[in-house]
Amino acid sequence: MKNINNSEAVAPPSGAGGAVSRRSFLRSSAIAGGGLMLSFSWFSSAQAAEKVEALNLADQWSELAAYIKITPDNVVKILVPNPEFGQNVMTSLPMMVAEELDCDWKNVVVEMSTHDNVKYGMQFTGGSNSVRMYWKPLRNAGAAARQMLIEAAAQTWGVSATEITTKAGVLSHSSGKTAKYGEMAAKAATLPVPKDVKLKAPKDFSIVRNSKKNTEGLKVVIGKPLFGMDYRVDGMLIAMIQHPPAFGLKLKSFDATAAKKMPGIKDVFSFKLYEDGFEQAGFDTRTFNEMIAIVGNSTWEVMNARKKINAQWEAAGDTKDLVNGRAGKKEVTVPGRLETTSKQLEMMAEFANGRQSTKPAQQLRKDGDPETAFKNAAQIIERTYNAPFLAHNTMEPMNFFAHVEADKALVAGPVQAPGWMEPSLTKLLNLPADKIEIQMTRMGGGFGRRAYAQYAYEAARISQKMKAPIKLIYTREDDMTYGIYRPMYTATYRAALDANKNLIGFHVIGGGIPENPVHANRFPAGAVDNYLAEGWEIPSNITIGAFRAPRSNFNAAAEQSFLDEVAEAMGKDPIAFRLDLLKRAKENPVGKNNDYDANRYIGVLELLKEKSGWGKPENAGKKRGVAAYFCHASYAGHVVDMVMRDGQPYVESVTSAVDCGVVVNPDAARNMVQGAVVDGIGQSFYGALTHKDGVPEQNNFHNYRMIRHNEAPKKIDVHFVENDIDPTGLGEPPFPPVFGAVANALFKTTGKRYYNQPFMSEQPNAKS
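Quick caveat, the model's predicted, so the values are computed rather than measured.

> How should I be thinking about the sheet that holds strand β26 (residues 531-537) in this particular structure?
Strands belonging to one sheet form pairs held by backbone hydrogen bonds; the direction of such a pair is parallel or antiparallel. Reading across the sheet, the five strands line up as β16-β26-β25-β24-β17 and stay open at both edges, with mixed pairing between neighbours. Unpaired on one side and paired on the other, β16 (362-367) and β17 (379-387) mark the two borders of the sheet. Adjacent strand axes in the sheet meet at a mean angle of 10° when their direction is disregarded. Bridge count between β16 and β26: five bridges; the pairing is antiparallel.

Structure follows, in structure tokens:
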């Protein structure tokens, strides 16, 4: 069996015979497509990669901590606990260890750990948590290992440990004695791990806060086997599934006679994901519980056989799920209706306007007397914003490997939360946790989609039935028509102004299918005397899940668009208006549950104003939009400059400001913000998934519009607020305010306000 974490070399294709290497292809794509946004800072050096390839010292490693191993020749291996999907944790997390270990970064090699909740902790990638969650544990591990090396040297030399210093992987004593870490590693590994160690002050950092190249960059570019799709073992079969064609249907019967006769096909059978009474965990999902599995030798053979299946489907009716999530154990009723987007919008409008009196909105927060404020207002501004379902569309197709045997199981693939899937796997396979090995591969995109592990459970179920190793693969059509989506949302915002154009009341009522988007304690809560937030929800059988910055990605669009309209009605500059509100929240806040730091929020807006030249005479002719938002413990804002080309709006350039605390790896952080900006522009302009009678109307990129190379900004200028606050997350916070900044820039460019996503759906003569 070949472990995906092996460092076996994979040679890139030669140029002979017309073959094109991946590197050459990327260069060609960059020329033809109008620009490929990969920063050169992302790539690691060939020399570093060659050093890793040459390393074959399995019996010479000395383990100083769960995350750290050192060889006699001073090579330091750092194990990364969290799955990687492009956010660069394979570089930033080791940097935190290396900083406190005080080793030479040139001697560091990095490897993804296997899953072990006891040894490594939660091992979850999502919620912008990786750096924030491991900031102290990994630094403590590095500092503890350094102290163990010092103690080993002190005992060897017969001196006090307090007399020994370290620098770049070398131990030194005032007598002139020196030793590389590798020389003391074996002895250090026998010493107890110290409990209390002193960590460096930020002013003393030499690795953290200094850009380091992506440790896996070269491997990705030359096609090393890192991803789930690369995973191979001898005797492995390929599996695909056929699910019902519409949400609200279930399998009635099927005839697979013709499919089983197709070349390479091993079996076709139906299976249930969960047996009756199965208690789902919080991140388990059940889009369709009974499906048809097609298993064969190759992807092509399985795809062709699937076309020969004659399946009949019937109405699923209402179903009940037992879910034990963050809100505790409860029974959830899933409606069985066949849903259509136009009807969903009508239902949402009824709830939003209070016409559904049997299910009134839930009051989420109330400050002061908003009813009286609106009753006495000289002017009321009211706007409603809508957003559709969005598909995750990870670049790497959804896939998972499983080899389930009678007494053990190995599963491997791209997954964001291996620890969350383990308890469910133990129940599904009837195996104890210590008999299930979970290996994590690099993910070709996640954005929340791979936190929901039903595809891993499906692979395990099929392997168990086949008594063979299998890899389950989704086509793009499978994934786009199978969930899991960003929910549909709507929100109505109202602002009350007095006769002097002062803001005296603020009201937001928001809802969605099947969850509401409102964060009741976020800005401008705490900045307005009379404030009301309400929320409502409509149940659905269309499966939803976390989508990069859940709920915030809609809230920021609606809230920040609305604040611009309020500022305009008050005769104020958009940034000045926001700063006035935040100054109130800082100096004399309303309420005690405000979940943002007004001072950090102000810092981002002031930096954004400075770096964008907002309000400067030289920028007077630019069509600009601004937005700033707080989520996932960090603050981000953007100024978007827009132009018209060939009758269509394009984002020409973007200035971004972010406060995420200490920036571990500046180049990688800038790349992450730039990626969020491009993603946000594409989703706000084009992203939408609709349904008719339960059937998704978009199933691939020919009818689900994505941003194209020549539609990306020519320049994205990223700036960070400099402070010594512990890291507070970066993967998600820059994404939500892009939507609002784009909407506000569209108004300046076209003279029209945009309330419905995707914005290009309202643009005349928009390109398909």
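> When you look at the domain arrangement of the chain in this model, what are you seeing that I'm missing?
Many authors give the size of an interface as the accessible area that is lost as the parts come together. Segmentation of the chain into domains returns domain 1 (25-221), domain 2 (228-322 + 398-473) and domain 3 (548-761). One C-alpha centre belongs to domain 2, the other to domain 3, and the line joining them spans 38 Å. Across the boundary between the two partners, domain 2 contributes four residues, which contact seven residues of domain 3. Across the interface of domain 2 and domain 3, roughly 380 Å² is buried in total on both sides, 60% from carbon and sulfur atoms. Linking domain 2 with domain 3 are zero salt bridges. Counting every contact that joins domain 2 to domain 3 gives two residue pairs in polar contact (both at pLDDT 80 or more). A breakdown of the residues in the side of domain 2 that touches domain 3 according to their chemical character gives four nonpolar, no polar and no charged.

> Hey, could you run me through empty space enclosed by the protein in this one?
It is a probe the size of a water molecule, rolled over the atoms, that shows where empty space is left. In the structure shown here, the tally under the stated rule is six cavities of 30 Å³ or more. Approximately 90 Å³ is the volume attributed to the largest cavity. For the lining of the largest cavity, the elements supplying multiple residues, two or more each, are β25 (503-513) and α15 (552-570).

> Just checking my understanding: could you explain the state of the cysteines for this structure?
Covalent bonding between the sulfur atoms of two cysteines is what defines a disulfide. Inspection of the entire model under this criterion finds zero disulfides. Here Cys660 stays unpaired: no disulfide links it, and the sulfur of Cys631, its closest cysteine neighbor, is 12 Å away.

> Is there a simple way to explain the packing of helix α5 (residues 130-157) against helix α6 (residues 181-188) in this structure?
Two packed helices can be described by the angle between their axes and the distance between those axes. Taken N-terminus to C-terminus, the directions of α5 and α6 make an angle of 90°; their axes are 8 Å apart at the nearest point. As far as their axial angle goes, α6 and α5 are roughly perpendicular. Note on element contacts: α6 touches α5 through Tyr181, Met184, Ala185, Lys187 and Ala188, opposite Arg146, Met148, Leu149, Ala152, Ala153, Gln155, Thr156 and Trp157. Residues of the contact of α5 with α6, tallied by class, amount to nine nonpolar, two polar and two charged.

> What am I meant to see in the packing of helix α3 (residues 89-101) against α5 here?
It is the contact of α3 with α5, at a shortest axis distance of 6 Å, that shows an interaxial angle of 35°. Note that α3 runs across α5; the crossing there is right-handed. Facing α3, whose interface residues are Val89, Ser92, Leu93, Met96, Val97, Glu100 and Leu101, α5 presents Ser130, Val131, Tyr134, Trp135, Leu138, Arg139, Gly142, Ala143, Ala145, Arg146 and Leu149. Of the residues that constitute the contact of α3 with α5, the class distribution is twelve nonpolar, three polar and three charged.

> Is there a simple way to think about unusual backbone geometry in this case?
Note on backbone geometry: most residues besides glycine have negative phi, and most peptide bonds are trans. Look at the link from Phe523 to Pro524: it is a cis peptide, with omega at 10°. Tracing the sequence through the fold places Pro524 in the loop between β25 and β26. A cis amide bond links Gln757 to the next residue, Pro758, at an omega of -5°. Relative to the elements of secondary structure, Pro758 occurs in the segment after α19 (736-750).

> What is the right way to read the packing of aromatic side chains from this model?
Here the distance between the centres and the angle between the planes together describe a pair of aromatic rings. For the structure shown, the criterion picks out 32 aromatic pairs. Linked through ring pairs, Phe247, Phe288, Phe389, Tyr474, Tyr482 and Tyr485 together constitute an aromatic cluster. Above the ring of Trp135, the side-chain terminus of Arg139 is found at 4.4 Å from the ring centroid. In this structure, Arg645 is placed above the aromatic ring of Tyr650, and the distance from its NZ or CZ to the ring centre is 4.0 Å.

> What is the right way to read α3 from this model?
Given 3.6 residues per helical turn, the α-helix brings residues three or four places apart onto the same face. Look at α3: 18 Å from first C-alpha to last across 13 residues, which is about the 18 Å you get at 1.5 Å a residue. When you tally the buried positions in α3, you get 13 out of 13 residues, the bulk of the element.

> Could you clarify how one ought to interpret α15 in this entry?
If you check α15, its first and last C-alpha atoms are 26 Å apart, about what 19 residues at 1.5 Å a residue would give, namely 27 Å. Burial runs high along α15: 17 of the 19 residues are buried. Looking at the residues trailing α15, positive phi occurs at Gly571, about 75°.

> Honestly, the environment of Lys224 in this entry has me stumped. Any pointers?
Topologically, Lys224 is positioned in the loop between α7 (217-222) and β8 (237-242). Considered as a pair, Lys224 and Asp693 are 469 residues apart in the sequence and their alpha carbons are 43 Å apart.

> Would you mind going over the side chain of Thr285 with me for this structure?
With respect to the helices and strands, the residue Thr285 is situated in the loop between β11 (279-281) and β12 (290-296). With a relative accessible area of 7%, Thr285 lands in the buried category. The residues touching Thr285, leaving out its near neighbours within four places in the chain, are Leu273, Tyr274, Gln280, Tyr452, Gln454, Ile484 and Thr543.

> What is the right way to read the pattern of salt bridges from this model?
Side-chain pairs of opposite charge can arise where the charged atoms are in close proximity. This model, assessed by the stated rule, comprises 36 salt bridges. For the salt bridge of Glu99 with Lys200, the shortest nitrogen-to-oxygen distance reads 2.7 Å. Taken together, the residues Glu99 in helix α3 and Lys200 in the loop between α6 and α7 connect sequence positions 101 residues apart. Residue Glu99 is classed as buried on the basis of its relative accessible area, which comes to 1%. Exposure remark for Lys200: the relative accessible area of 22% places this residue in the partly exposed category. Through salt bridges with shared partners, one network takes in Glu99, Asp102 and Lys200.

Here is what the cut-offs are and how they apply
Residues numbered from 1 in each chain as written. Predicted model: local features only at pLDDT ≥ 70, side-chain atom pairs only at ≥ 80, totals over all residues. Heavy atoms only, no water. Pairing = 2+ DSSP bridges. Helix = DSSP H or I, 4+ residues; strand = E, 2+ residues; numbered from the N terminus. Axes fitted to C-alpha atoms, helices over the stretch in contact; angles between N-to-C directions. Domains from an automatic or database assignment. Contact = heavy atoms within 4.5 Å. Buried area = accessible area lost by both parts, 1.4 Å probe. Salt bridge = Lys/Arg side-chain N within 4 Å of Asp/Glu carboxyl O. Polar contact = N/O pair within 3.5 Å; in protein donor to acceptor, adjacent residues only side chain to side chain. Nonpolar A, V, L, I, M, F, W, Y, C, P; charged D, E, K, R; others polar. 1 Å grid on protein atoms, 1.4 Å probe; cavity = no way out; pocket = protein on both sides within 12 Å on 5 of 7 lines; lining within 4 Å. Points joined across faces, edges and corners; volume = space filled by probe spheres on them. Disulfide = S-S within 2.5 Å. Parallel < 35°, antiparallel > 145°, perpendicular 65-115°, else oblique. Left-handed = near helix turned anticlockwise from the far one by under 90°. Phe/Tyr/Trp six-rings, centres within 6.5 Å; stacked < 30°, edge-to-face > 60°. Lys NZ or Arg CZ within 6 Å of the ring centre and 35° of its normal. Expected span 1.5 Å × (residues − 1). Buried < 20%, exposed > 50% of the residue type's maximum accessible area, 1.4 Å probe, protein only.

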